[in-house]
Each structure stands twice: as C-alpha cells, then as structure tokens.
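Summary of the model geometry
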Amino acid sequence: MEDGTSKSPGYCGDTGDYDVLQWDAREDCEVRQILDRIADKWSLLVIALLDRRTLRFTELRRAIDGISQRMLARTLRHLERDGLVSRTVYPAVPPRVDYELTPLGATLHHTIRALVTWTEEHQNQIAAARAAYDARAADEQEAADREAAERDALAQEVLAGMRR
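Residues numbered from 1 in each chain as written. Predicted model: local features only at pLDDT ≥ 70, side-chain atom pairs only at ≥ 80, totals over all residues. Heavy atoms only, no water.

**Looking at the sheet that holds strand β2 (residues 85-90)**
Selection criterion: Strands were regarded as paired on the criterion that DSSP finds at least two bridges between them. By definition, any uninterrupted DSSP run of H or I lasting at least four residues is a helix, any uninterrupted run of E lasting at least two residues is a strand, and each is numbered from the N terminus.
With respect to topology, three strands assemble into an open sheet ordered β1-β3-β2, the strand pairing being antiparallel. Of all strands in the sheet, those bounded by a partner on one side alone are β1 (55-56) and β2. Here β2 pairs with strand β3 (residues 96-101) via six bridges, running antiparallel. Bridging from a neighbouring strand, Arg-87 pairs with Tyr-99 of β3.

Shown next as structure tokens:
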C-alpha cells in the first residue's frame, strides 16, 4: 500500500499530525456515518424510549409525536443494522414484533442521557443566546433595509435629475 492510501473506504485516519480524537468531516468516514445515524432526532427518541422497556412498533409510533410510519420503520432498521436495537418477531396473527435495546444500545443510552442532562441544565442559557442572536439579526436586517431604502431614494433622485 502506498503512503497516504486509505486502508478502507471508510477509514478516517490520515498520515501526519492527524488528531484521532477529532471526528473526520469526510462523508465516507465511518465515524461520521455512525454519528449521523445515532444523533438523528428520531434515533435519539427511539433509544430513549426503548431504555425503559421493550416496545412494539405501534407503541413507539404513538409515543413519538410527528414521526411517520415509514420514518419509524427506517429508523428501526438502521438501529438494528448498527446493533443498537434488536427485533423479535412472534408467530401470531397478526404478527407481533417487539423492539428492545441491545447491550450496545444500552451503553449508548447512558451517553444520550448525559447529553439530555446537559441540555436541561443549559436550556435557559441557550434560550437567552437565541433571543440575543434573533434581536441582533433583526437589528442588522432593519439597518440593511434602511440602507437599501436610502440607496433607492438616492438612485431615484439621480434618475430624476438626469431626466430634467
């Protein structure tokens, strides 16, 4: 293998001074792909709900406001593929399918819980920062609108002077 050649399509390491603790921003990076999957809002909600107990598809759908049947099925398939959720089908009519966290998924839930705790502890600071940003953006837009109106008025004056 030549120097600088990736070991696999999803290999994120690089030669030189690459910081392995920094997540690679390349689309084909496996770490990025996993983070994209587990940080998805639907995945986070599914993992949080399954931490409490095993749930059926319809129970999950009822518990997650705004998720479509298609998106829930897709989310569950991806989580199952990644080894975070297990699916058990029972031979009954109609078929009964239960979903539960795997041991790997349970370890992820601990991390998600820490993220939720951080969010709860800092939500007021974030709300204040958002309000300050929105006020600043509104002021900047207002100033830009005034400048545009002044330019338009000046252009109209120049055009009117040229017509005379």
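**What to know about the nonpolar core**
Put simply, the test is: Each nonpolar core is a collection of buried residues, namely Ala, Val, Leu, Ile, Met, Phe, Trp, Tyr and Cys, held together in the definition by side-chain atoms within 4.5 Å. Burial here depends on accessible area, computed with a 1.4 Å probe over protein chains only, as a share of the maximum for the residue type. Under 20% is buried, over 50% is exposed, and the range in between is partly exposed. Note on contacts: a residue pair is in contact if any heavy atoms of the two residues lie within 4.5 Å.
Membership of the largest hydrophobic core comes to 21 residues, with the highest contact counts inside it found for Leu-50, Leu-60, Leu-72, Leu-76 and Tyr-99. Only α2 (41-52), α3 (57-63), α4 (69-81), β3 and α5 (103-163) provide two or more residues apiece to this core. Counting residues per element, this core draws most heavily on α2, at five residues. Discounting chain neighbours no more than four positions away, the residues touching Leu-50 are Leu-55, Leu-60, Val-85, Tyr-99, Glu-100 and Leu-101.

**A word on the side chain of Ser-43**
Put simply, the rule is: Within 3.5 Å is the distance limit for a polar contact, defined as a pair of N or O atoms, with the added protein rule that one can donate a hydrogen and the other accept it, and that residues adjacent in sequence qualify only through two side-chain atoms.
On the secondary structure map, Ser-43 appears in helix α2. At a separation of 3.0 Å, a polar atom in the side chain of Ser-43 contacts the main-chain carbonyl oxygen of Arg-37. Ignoring any residue separated from it by four or fewer positions in sequence, one finds Ser-43 in contact with Arg-37, Ile-38, Thr-75 and Leu-79.

**With respect to the packing of α2 against α5**
Condition: Interaxial angles span 0 to 180 degrees and are taken between N-to-C directions of axes, which are lines fitted to C-alpha atoms, for helices over the stretch in contact. When describing relative orientation, an angle under 35 degrees is termed roughly parallel and one over 145 degrees roughly antiparallel, while 65 to 115 degrees is termed roughly perpendicular and anything else oblique. Under the convention adopted here, Pro, Cys and the residues Ala, Val, Leu, Ile, Met, Phe, Trp and Tyr are nonpolar, Asp, Glu, Lys and Arg are charged, and Gly plus all remaining residues are polar.
Interhelical geometry of α2 versus α5 gives an angle of 110° and a closest axis separation of 10 Å. What the angle tells us is that α2 and α5 run roughly perpendicular. Across from Leu-44, Ile-47, Ala-48 and Asp-51 in α2, the residues of α5 making contact are Gly-105, Leu-108, His-109, Ile-112 and Arg-113. Each residue belonging to the contact of α2 with α5 can be placed in one class, and the counts come to five nonpolar, two polar and two charged.

**Side note on the pattern of salt bridges**
Operational definition: The salt bridge definition used is simple: a Lys or Arg side-chain nitrogen within 4 Å of an Asp or Glu carboxyl oxygen.
Scanning the model with the defined rule gives four salt bridges in all. For Asp-82, the salt bridge identified is with Arg-37, shortest N-O distance 3.0 Å. Of this pair, Asp-82 sits in the loop between α4 and β2 while Arg-37 is found in helix α1 (residues 30-38), placing the two residues 45 residues apart along the sequence. The class of Asp-82 is partly exposed, set by a relative accessible area of 27%. Put simply, Asp-98 and Arg-96 hold a salt bridge, and the shortest N to O gap is 2.8 Å. Classification of Asp-98 by relative accessible area gives buried; the value is 7%. The exposure class of Arg-96 is partly exposed, given its relative accessible area of 35%.

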